[in-house]
Amino acid sequence: MINKKVNNVEEALKGVENGMTLMLGGFGLCGIPENAIAELVKRNINELTCISNNAGVDDFGLGLLLQKKQIKKMISSYVGENQEFERQMLSGELEVELTPQGTLAEKCRAAQAGFPAFYTPAGFGTEVADGKETREFEGKMYVLEPAFKADFAFVKAWKGDAAGNLIFKGTARNFNANMCGAAKITVAEVEELVPVGELDPNNIHIPGIFVQRIFQGTNYEKRIEQRTVRKNQ
Amino acid sequence: MALDKNLIAKRIAKEVKNGYYVNLGIGIPTLVANYVREDIEVEFQSENGVLGMGPFPFEGEEDADIINAGKQTITTLPGASFFDSATSFSMIRGKHVHLTILGAMEVSQNGDIANWKIPGKMVKGMGGAMDLVASAENIIVAMMHTNKEGESKILKQCTLPLTGVGCVKKVVTNLAVLEVKNNAFYLLERAPGVSVEEIQNATEGTLIVEGEIPEMSF
């Protein structure tokens, strides 16, 4: 067993510097790497390029980095829940690259899987395809999209072990699984770091080879963005 | 009488057939799930990574880890599955999802759709809409026929930045059901009590009216 365990978030973020490109898992606030984000805020690492499907809300998730103007550029598919984001974007302080969600996921997966680029039909004929190579396959048009290149990927899982194996819960898997192994260094934070051997190899979502550092996360808030319920009978 | 959002959703629900995997967009499309016939088997996919979506949870049973693409807390039904985002869009891009229902700000008679950006005013992003419209075989758009100022959103050509080109097959509005083909909107059905003339007046694009146009049934 190759041991990936580090003791805490400080150790996990060793080597993160100003100006780097970071991937951050999560969809909305679901499955975001809360501990890594808090540490980036604490260390005031700035001029960051962040690849994340969303940009958090004003006072949580990546919104915390936006508040302190630590982000130079965001690469996302949907950023509608964050007023500070909208303000910084419309004023030109923040550079934004909006990418179709499936393309964003595949750009992660391509980096993970060693593909330099891929063709997708998404965005053909729209401004997303401006300046990009297009090509026809069997009568349909496609856009060439390059894989992401990132320095660190920060992901959050439900359970993990020191070998770096990960299991996600519910829809918190989202981009987390695709970002593992898609950056030079993948850092996983988990709700439960269990002894090696406890996770059933049949049920591992991400094998440890895609993870370089893993640590037991703390104080998860797991905030719900839209609480929708039925009335009890 | 023009339809409200619930009736638009109810009319669209009739397009959902037995054995379909269906992706519902945010807004009116989400309501469609409430009206699908109970005697057919349908599974709802949400692009954030769930197939077999159920209703909202009972109070106290909501789980931050189980949400839909609108970030709402949901439940799952027996037979449901969770997956990562790339797998989710493999289902969509790979045409495994049979029907996509989504909202729009504008549609045009050649099947273009615009629903993600108003330059200088609103930039929320396209989310999964561009992937959905580029790949789905069967796309139904749920929308209001006109904007708040009464201007048509059923156009010769879209004025807003496009989400996809030549992809919309059917549009259900508060006034009509339209089929998009041959570079025109074919009027299929009228909302109850709405005349062909009213629909014509609310449609900027080319409207083709062939024979007697029936009223919608629900």
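Predicted model, so just to flag it, every value in this text is computed and none were measured.

Each value, and the rule that gives it
All residue numbers refer to positions counted from 1 along the written sequence of the respective chain. For this description, chains carry letters from A and ligands carry numbers from 1, given in the order in which they are written. Given that this is a predicted model, residues contribute local features only at a pLDDT of at least 70 and side-chain atom pairs are listed and counted only at 80 or more, while totals for whole chains, interfaces and linings are drawn from all residues. Each side-chain value is worked out from all heavy atoms of the structure, with water and hydrogens disregarded. Only one rule defines a salt bridge in this text: a Lys or Arg side-chain nitrogen within 4 Å of an Asp or Glu carboxyl oxygen. Strands here mean DSSP runs of E at least two residues long; helices mean DSSP runs of H or I at least four residues long; both are numbered from the N terminus. Each residue carries a pLDDT value, the predictor's own confidence for that position, ranging from 0 to 100. Contacts are assigned to residue pairs with any non-hydrogen atoms lying within 4.5 Å of each other. By definition, the buried area sums, over both parts, the 1.4 Å-probe accessible area that each loses when the two are put together. Points on a 1 Å grid, built from protein atoms alone, make a cavity when a 1.4 Å probe fits but cannot get out and make a pocket when they are open with protein on both sides within 12 Å along at least 5 of 7 lines; residues with an atom within 4 Å of a point are the lining residues. Grid points are joined across faces, edges and corners, and a volume is the space filled by probe spheres set on the points. The nonpolar class holds Ala, Val, Leu, Ile, Met, Phe, Trp, Tyr, Cys and Pro. Asp, Glu, Lys and Arg form the charged class, and all remaining residues, Gly among them, are polar. Pairing between two strands requires that DSSP report at least two bridges joining them. Working definition of a nonpolar core: buried Ala, Val, Leu, Ile, Met, Phe, Trp, Tyr and Cys residues. They are joined through side-chain atoms within 4.5 Å. Categorising residues by exposure relies on relative accessible area from a 1.4 Å probe, with only protein chains included: less than 20% of the type maximum marks a residue as buried, more than 50% marks it as exposed, and the intermediate range marks it as partly exposed.

## Thoughts on the pattern of salt bridges
Link 1 in the chain: Inspection of the entire model under this criterion finds 28 salt bridges over all chains.
Link 2 in the chain: A salt bridge links Arg109(A) to Glu106(A); the nearest nitrogen and oxygen atoms lie 3.0 Å apart. Note that Arg109(A) and Glu106(A) are positioned in helix H5 (residues 101-113) at a spacing of three residues, about one turn of the helix.
Link 3 in the chain: Measuring nitrogen to oxygen at the nearest pair gives 2.7 Å for the salt bridge that ties Glu127(A) to Lys117(B). In this pair, Glu127(A) sits in the loop between strand S5 (117-120) and strand S6 (134-137) while Lys117(B) sits in strand S8 (residues 117-118), so the two residues belong to two different chains.

## Some points on the confidence of the model for chain B
Link 1 in the chain: Per-chain confidence: chain B averages 95 in pLDDT, with 100% of residues scoring 70 or above.
Link 2 in the chain: Across the whole predicted complex the pTM is 0.96, and at the interface the ipTM reaches 0.97.

## What to know about unusual backbone geometry
Link 1 in the chain: Backbone geometry at Lys69(A) places phi at a positive 55 degrees, although glycine is not the residue there.
Link 2 in the chain: Here Asn182(B), not a glycine, exhibits a phi torsion of approximately 50 degrees, which is positive.
Link 3 in the chain: Tracing the sequence through the fold places Asn182(B) in the loop between strand S13 (176-181) and strand S14 (184-190).

## Points about the interface of chain A and chain B
Link 1 in the chain: Taken together, the 52 residues of chain A in the interface contact 49 residues of chain B.
Link 2 in the chain: For the pair chain A and chain B, the two sides together bury roughly 4300 Å², of which 57% comes from carbon and sulfur.
Link 3 in the chain: On the chain A side of the contact with chain B, Thr171(A), Thr228(A) and Arg230(A) bury the most area, a combined 16% of that side's loss.
Link 4 in the chain: Secondary structure elements with two or more residues in the side of chain A that touches chain B: helix H4 (83-90), H5 and helix H6 (174-179) of chain A.
Link 5 in the chain: When residues in the side of chain A that touches chain B are grouped by element, the largest group, six residues, is from H5(A).

## Digging into the layout of surface pockets
Residue and element names in this part refer to chain B.
Link 1 in the chain: The calculated volume of the largest pocket comes to roughly 1200 Å³.
Link 2 in the chain: Lining the largest pocket are 44 residues, with Ile26, Gly103, Ala104, Met105 and Asn115 sitting closest to its centre.
Link 3 in the chain: Contributions of two or more residues to the lining of the largest pocket are made by helix H2 (28-32), strand S5 (99-103) and helix H4 (129-135).
Link 4 in the chain: For the lining of the largest pocket, the residue count by class is 19 nonpolar, 15 polar and ten charged.

## Re the environment of Asn6(B)
Link 1 in the chain: Following the sequence through the fold, Asn6(B) ends up in helix H1 (residues 5-13).
Link 2 in the chain: Once the C-alpha coordinates of Asn6(B) and Lys17(B) are considered, the two residues, eleven residues apart in sequence, prove to be 19 Å apart.

## Overview of the sheet that holds strand S6 (residues 106-108) of chain B
All names here are of chain B.
Link 1 in the chain: Here we have three strands laid out as an open sheet, ordered S7-S6-S11, and mixed in their pairing. Edge strands, defined here as strands with exactly one partner in the open sheet, are strand S7 (113-114) and strand S11 (154-155).
Link 2 in the chain: Of the pairings in the sheet, the one linking S6 to S11 comprises two bridges and is parallel in character. When the bridges of S11 are listed, Ser108 appears paired with Leu155.

## So, the nonpolar core
Link 1 in the chain: In this structure, Val32(B), Ile101(B), Val107(B), Ile113(B), Val141(B) and Val171(B) are the most contacted members of the largest nonpolar core, which totals 51 residues.
Link 2 in the chain: Dropping the residues within four chain positions of it, Val32(B) is found in contact with Ala9(B), Ile12(B), Ala13(B), Val16(B), Leu24(B) and Ile101(B).
Link 3 in the chain: Listed in part, the 39 residues of the second largest apolar core include Ala12(A), Ile37(A), Val41(A) and Val79(A).

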